[in-house]
Amino acid sequence: MQARDNGNIRVLDLGKQEIDGMTQRTALVTGGTGGIGSAIVRHLAKQGHKVATNYRDEAKTAAWREAMAQEGIEVCTVRGDVSDPESCAAMVRAIEEKCGPVDILVNNAGITRDTTFHKMNYQQWTDVINTNLNSCFNVTRAVIEGMRARKWGRIVQISSINGQKGQYGQANYAAAKAGMHGFTISLAQENAKFGITVNTVSPGYVATDMVMAVPAEVRAKIEAQIPLGRLGRPEEIAHAVAFLTGEETGWMTGANLAINGGQYMGW
Ligand code: CAA
């Protein structure tokens with residue numbers, strides 16, 4: 001990532017830099033080319049971090065990287081399938097060689113295969129569990145030992161309102177998303193003494209391609225249940241991730257930040 005021209009740059013331990021008083025770290029955002037992922041990548045990069053993401057589709061990613069470059073954001077993109085442990089280990093090795101040790105991990109990659117449970121096939125179940133939940137094992141396992149050795153880390157799971165409240169047509173997705181927070185609160189306990197915080201963000205319905213794929217009449221009913229009267233914006237989720245991954249947010253771990261326009265207020 002380019003330091004700002006007028007930045008006051010200091011070199012810190014482990015090859016990190018401090019830019020205008022902000023410590024530059026390497027962040028891995030899985031699924032960074034998607035709707036919420038792009039906003040997270042953009043936000044962390046604008047804060048001065050080096051940001052990496054994985055991809056599966058070369059052509060789509062090249063276009064995305066070019067669009068980011070037009071905004072002045074340079075992203076390290078590495079081929080990697082989050083549902084495959086070996087692919088994740090290789091991906092993290094490649095990122096660490098190019099950009100340095102991963103200090104910030106955002107487990108954001110996710111898919112939907114919506115259908116009512118009595119019609120759901122095993123493939124629809126396992127695709128969602130593998131990509132949304134097993135990915136947390138695959139990617140986090142590849143970075144956690146380094147974070148523990150360096151005694152600093154920030155891990156954020158991007159879960160969902162539907163992991164908290166369930167959703168008609170999403171038994172697979174809600175199970176995976178609820179599982180992500182179980183993962184968060186266990187890792188938070190195990191890694192606190194190593195300076196690693198682990199938190200969850202649970203977005204509600206945000207204006208992304210994933211939500212726009214919900215049939216219009218179903219979406220209209222969901223939007224009517226949002227007290228703040230609109231879908232979320234990807235930047236509103238990215239803002240929370242930047243907060244949780246900040247240097248100053250060192251005493252918050254095991255939390256689940258619900259950002260859903262008031263659609264679900266359980267605690
Ligand atoms: N509560 C009660 N009944 C409901 C219902 C609900 N929330 N939603 C649908 N139904 C009923 C319908 O009224 C209909 O009833 P009748 O048969 O009596 O007319 C029946 O369920 C339709 O059931 P089907 O099994 O025939 O459903 P379908 O095949 O037409 O589609 C569906 C069902 C795929 C679940 C569709 O409703 C849908 O896409 N729902 C949206 C699911 C959703 O919210 N996905 C979120 C995607 S975005 C995301 O996941 C991001 C995030 O984190 C928020």
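The coordinates are above.
Since the structure is predicted, the reported quantities are computational estimates derived from the model, not experimental observations.

The rules behind the values
- For every chain, the first residue of its written sequence is number 1, and the numbers climb from 1 along that sequence.
- Local features in this predicted model are restricted to residues of pLDDT 70 or higher, and side-chain atom pairs are both shown and tallied only at a pLDDT of 80 or more, whereas totals for entire chains, interfaces and linings draw on every residue.
- The side-chain quantities take in all heavy atoms of the structure and omit both hydrogens and water.
- We call a residue near a molecule or strand when any one of its heavy atoms sits within 4 Å of it.
- What qualifies as a polar contact is a pair of N or O atoms within 3.5 Å, subject to a donor-acceptor requirement within protein and to the restriction that residues adjacent in sequence count only when both atoms come from side chains.
- The protein chains shown are the only cover counted for residues, whose accessible areas, like all others here, come from Shrake-Rupley with a 1.4 Å probe.
- A helix here means a DSSP run of H or I that spans at least four residues, while a strand means a run of E at least two residues long, and both kinds are numbered starting from the N terminus.
- Any residue outside Ala, Val, Leu, Ile, Met, Phe, Trp, Tyr, Cys, Pro, Asp, Glu, Lys and Arg is labelled polar, Gly included; the first ten of those are nonpolar and the last four are charged.
- Burial here depends on accessible area, computed with a 1.4 Å probe over protein chains only, as a share of the maximum for the residue type. Under 20% is buried, over 50% is exposed, and the range in between is partly exposed.
- Here the rule is simple: two strands pair whenever DSSP picks up at least two bridges between them.
- By convention, a crossover is right-handed whenever its connection, traced from the first strand over the helix to the second and viewed with the strands pointing away, goes clockwise.
- For this analysis, a ring pair means two rings from Phe, Tyr or Trp (six-membered ring only for Trp) whose centres lie within 6.5 Å, classed as stacked if their planes differ by under 30 degrees, edge-to-face if by over 60, and tilted for the remaining angles.
- Whether a charge sits over a ring depends on NZ of Lys or CZ of Arg being within 6 Å of the ring centre and within 35 degrees of the ring normal.
- In this scheme, a helix's expected span is set at 1.5 Å multiplied by one less than its residue total.
- Note that the arc is defined by the directions from the helix axis to the C-beta atoms.
- Note on definitions: a residue-residue contact is assigned when non-hydrogen atoms from the two residues lie within 4.5 Å.
- Only the stretch in contact is used when fitting a helix axis, every axis being a line fitted to C-alpha atoms; angles between N-to-C directions are given from 0 to 180 degrees.
- Any angle from 65 to 115 degrees is called roughly perpendicular, while one under 35 is roughly parallel, one over 145 is roughly antiparallel, and all others are oblique.
- Here a crossing is taken to be left-handed if its near helix is turned anticlockwise relative to the far helix by less than a right angle, and right-handed if that turn runs clockwise.

Chemist: Describe in detail the site of the ligand, supporting the description with residues and values.
Modeler: In the vicinity of the ligand lie 19 residues, with Asp 114, Ser 160, Tyr 168, Tyr 173 and Tyr 205 positioned nearest. Side-chain polar atom of Tyr 173 to an oxygen atom of the ligand: 2.7 Å apart, as the coordinates give it. Considering the ligand on its own, with 1,100 Å² of exposed area, one finds that the protein chains cover 58% of that surface. Residue assignment for the shell around the ligand shows that the elements contributing at least two residues are helix H7 (209-212) and helix H8 (216-223). A class-by-class count of the residues in the shell around the ligand yields 9 nonpolar, 8 polar and 2 charged.

Chemist: Would you mind going over the pairing of strand E7 (residues 102-107) in detail, with residue names and values included?
Modeler: Counting buried positions along E7 gives 6 out of 6 residues, so the element sits mostly inside the fold. Looking at chain direction, E7 and strand E8 (residues 153-158) are connected through 4 bridges and run parallel. Within E8, the position partnered with Val 106 by the bridge is Val 156. In the classification by handedness, the crossover that spans E7, the intervening helix H4 (residues 122-150) and the parallel E8 is right-handed.

Chemist: Outline the packing of aromatic side chains, supporting the account with residue identities and numerical values.
Modeler: Inspection of every chain in the model, using the stated rule, returns 0 aromatic pairs. The ring of Trp 152 is capped by Arg 25, whose NZ or CZ atom sits 3.5 Å from the centre of that ring. One residue, Arg 148, lies across the ring of Phe 194, its end atom 4.0 Å from the ring centre.

Chemist: If you had to explain helix H2 (residues 58-70) to someone new, which residues and values would you point to?
Modeler: With 13 residues, H2 ought to run about 18 Å at 1.5 Å a step, and its terminal C-alpha atoms sit 18 Å apart, in line with that. If you check which residues of H2 are buried, you get Thr 61, Trp 64 and Met 68. Projected down its long axis, H2 carries its buried residues within an arc of 65 degrees, all on one side. Across from the buried face of H2, at angles greater than 90 degrees, the exposed residues are Ala 59, Ala 63 and Gln 70. Residues of H2 that are buried sit in contact with helix H1 (35-46), strand E5 (50-55) and strand E6 (75-79). At the N-terminal boundary of H2, the capping side chain belongs to Asp 57, with an oxygen 3.1 Å from the backbone nitrogen of Ala 59.

Chemist: Describe in detail the packing of helix H3 (residues 85-99) against H4, supporting the description with residues and values.
Modeler: The axes of two packed helices give the description: the angle between them and the distance between them. Interhelical geometry of H3 versus H4 gives an angle of 40 degrees and a closest axis separation of 8 Å. Taken together, H3 and H4 sit at an angle that is classed as oblique. Classified by chirality, the crossing of H4 by H3 is right-handed. Residues Pro 85, Cys 88, Ala 89, Met 91 and Val 92 of H3 pack against Asn 138, Val 139, Ala 142 and Val 143 of H4. A per-class count over the contact of H3 with H4 returns 8 nonpolar, 1 polar and no charged.

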